[in-house]
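Observations on the three-dimensional arrangement
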Amino acid sequence: MTILNADLHCHSTVSDGTLAPEALAERAKANGVELWALTDHDEVGGQHRAAQAARALGLPYLSGVEISVTFAGLTVHIVGLGVDPDDPQLVQGLAHTRGGRERRAREMAQQLAAVGIRGAFEGALKYVGNPELISRTHFARYLVEAGVCHDTHEVFRRFLTEGKPGYVEHRWATLGDAVRWITQAGGIAVIAHPARYAHPNPTQEYALFAEFAAHGGRAVEVVTGSHSSAEAVRYADMALEFGLAASRGSDFHSPDESHTDLGALPYLDGRLTPVWELLAHRILH
Ligand code: AMP
Ligand code: MN
Ligand code: MN
Ligand code: MN
C-alpha cells in the first residue's frame, strides 16, 4: 500500500538528534505516523528503546540504522531497515565505522581554532549524547551557541563542508560492506536522500545505483525531507529504472532545526513498490 504514513528515517540523541528515542516515538504517534523507524548514524544503541516505546504506543516499528559510506570520494548514506540490532557483524561493522570520529573531531576543532573559533571540541561535546558519535551537527550547534552563526544551516554553508574551515576528509565504510552488514542482519539496504550527493557527473550517480544493486541493495529513498517534489519524481523514475523499492522518511533531527516534521511528507507515487511491502515479516507490533 503506497498510501501509508510511514516515516522510516530520523535521528535521536543516540546520534545527532535532540530528542530521546521515547520522545521521538511519542512525536511520531502524535503526528499520525503509521509505521516508524529510528535510523541513527552508524549506531543501533537506541533500537531496543525505540521498539519498546513504539510498542507501548501501538505504533508499528521497523528497526533501522543510517551507515556512513565513502563511494568514489563522496560521503553517501545507506539506510538499513528491518535489521536485527544484535547481529554481531552489523554491531562490529558499525563500531569500526564510528571509530575515527573523535580524532576527526579534534582535527575539526584545530582548523576552527586557526580561524579564531576556540574551544569547539569541548563545545561540541556538550551536545553529544553518545561519546562514540561526535558529528558535525554537534559542532554546528556549538557554533550557533557561540554566536558565530545564526543557525546550523549557516554553519554548514560557512564551515564544516568541503573547502571550508572545519572540514576534515574522512574514510567511512565501503558501499559493499554497508550493504552486506544490513542484508546479513536480515534487513534491506536503502540509498538515503540520493539528491543530496554532489556527483561530479551523471555517470557516477548511475555507478552508485548499479553497484548498490549489484551488492544486494534493494531500495531508494524517494520521498524524504531533503527532496523537492521534482527530486521525488526523478528518484521515483530511477527506482523504476533500477528495479528498486521506494522508501519514505523525514530525516527529522530536532524540532528547532528540521524543516520536515515526523510524518509530514507527501505519499509515495502509486507506481512504486513501497519498501515496507518487502519487510512485512520484520515489522514489530
Ligand atoms: P557527520 O556524519 O559528522 O559528517 O555529520 C553529518 C550530519 O550533518 C548529517 O547527518 C546532517 O545531520 C548534518 N548536515 C550535513 N549537511 C548539512 C547542512 N547543509 N545543513 C544542516 N545539517 C547538515
Ligand atoms: Mn544527521
Ligand atoms: Mn543522511
Ligand atoms: Mn539521516
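Residues numbered from 1 in each chain as written. Chains lettered and ligands numbered in written order. Predicted model: local features only at pLDDT ≥ 70, side-chain atom pairs only at ≥ 80, totals over all residues. Heavy atoms only, no water.

Focus: the coordination of the manganese ion (ligand 4)
Heads up, the rule is: Donor criterion used throughout: N, O or S atom within 2.8 Å of the metal, extended to 3.2 Å for Na, K and Ca. Water excluded; incomplete-looking sites may result. Runs of H or I in DSSP of at least four residues are treated as helices and runs of E of at least two as strands, each being numbered from the N terminus. Three exposure classes are used, based on accessible area relative to the maximum for each residue type with a 1.4 Å probe and protein chains only: buried under 20%, partly exposed in between, and exposed over 50%.
Donor atoms from the polypeptide that bind the manganese ion (ligand 4) are His-9 (NE2), His-11 (NE2), Glu-66 (OE) and Asp-251 (OD), placed at 2.1 to 2.2 Å. Here the donor residues of the manganese ion (ligand 4) are spaced in sequence according to H-x1-H-x54-E-x184-D. The distance between the manganese ion (ligand 4) and the manganese ion (ligand 2) comes to 4.6 Å. Linking His-11 in the loop between strand E1 (6-7) and helix H1 (21-30) with Glu-66 in strand E3 (residues 64-71), this pair joins segments that are 55 residues apart in sequence. This pair shows no difference in class: His-11 is buried, exactly as Glu-66 is.

What about helix H3 (residues 88-98)?
To keep it simple, the criterion reads: This arc is taken over the directions from the axis of the helix to the C-beta atoms. The contact rule is simple, with two residues in contact once any of their heavy atoms fall within 4.5 Å. Here a polar contact is taken to be a pair of N or O atoms separated by no more than 3.5 Å, where protein atoms must pair a possible hydrogen donor with a possible acceptor and residues adjacent in sequence count only if both atoms sit in side chains.
Listing the buried residues of H3 in full gives Leu-90, Gly-93, Leu-94, Thr-97 and Arg-98. Projected down its long axis, H3 carries its buried residues within an arc of 135°, all on one side. Away from its buried face, by an angle of more than 90 degrees, H3 presents the exposed residues Pro-88, Gln-92 and His-96. Residues of H3 that are buried in the fold lie against E3, helix H4 (101-114) and helix H8 (175-184). Its side-chain oxygen at 3.2 Å from the backbone nitrogen of Gln-89, Asp-87 defines the N-terminal cap of H3.

Here's the deal with the domain arrangement of the protein
The condition is simple: For the domains described, the bounds stem from an automatic or database domain assignment. Reported buried area values correspond to the accessible surface (1.4 Å probe) lost by two parts on association, with both partners' losses combined.
Each assigned domain of the protein is listed here: domain 1 (6-98 + 171-282) and domain 2 (101-158). Computed from C-alpha atoms alone, the centre-to-centre distance between domain 1 and domain 2 is 25 Å. The interface of domain 1 with domain 2 comprises 16 residues on the first partner and 12 residues on the second. When domain 1 packs against domain 2, the two sides together hide about 1,100 Å² of surface, and 42% of this comes from carbon and sulfur.

Focus: the coordination of the manganese ion (ligand 3)
Within the first shell, the manganese ion (ligand 3) binds the protein through Glu-66 (OE), His-77 (ND1) and His-193 (NE2), at distances of 2.1 to 2.2 Å. Here the donor residues of the manganese ion (ligand 3) are spaced in sequence according to E-x10-H-x115-H. The distance between the manganese ion (ligand 3) and the manganese ion (ligand 2) comes to 5.7 Å. Within this pair, whereas Glu-66 is found in strand E3, its partner His-193 is found in the loop between strand E5 (188-191) and helix H9 (202-214), the two being separated by 127 residues in sequence. In terms of burial, Glu-66 and His-193 fall into one category: buried.

What to know about the layout of surface pockets
Going by this rule: The pocket and cavity definitions rest on a 1 Å grid over protein atoms only: a 1.4 Å probe that fits but cannot leave marks a cavity, an open set with protein on both sides within 12 Å along at least five of seven lines marks a pocket, and residues lining either have an atom within 4 Å of a point. Grid points are joined across faces, edges and corners, and a volume is the space filled by probe spheres set on the points.
Computed from the structure, the largest pocket encloses a volume of approximately 1,500 Å³. His-77, Arg-136, Phe-156, His-193 and Arg-196 are, among the 40 residues lining the largest pocket, the residues nearest its centre. Element by element, the count of residues in the lining of the largest pocket is highest for helix H7 (residues 152-158), at four residues. Counting contributing residues, the lining of the largest pocket receives three or more from each of domain 1 (6-98 + 171-282) and domain 2 (101-158).

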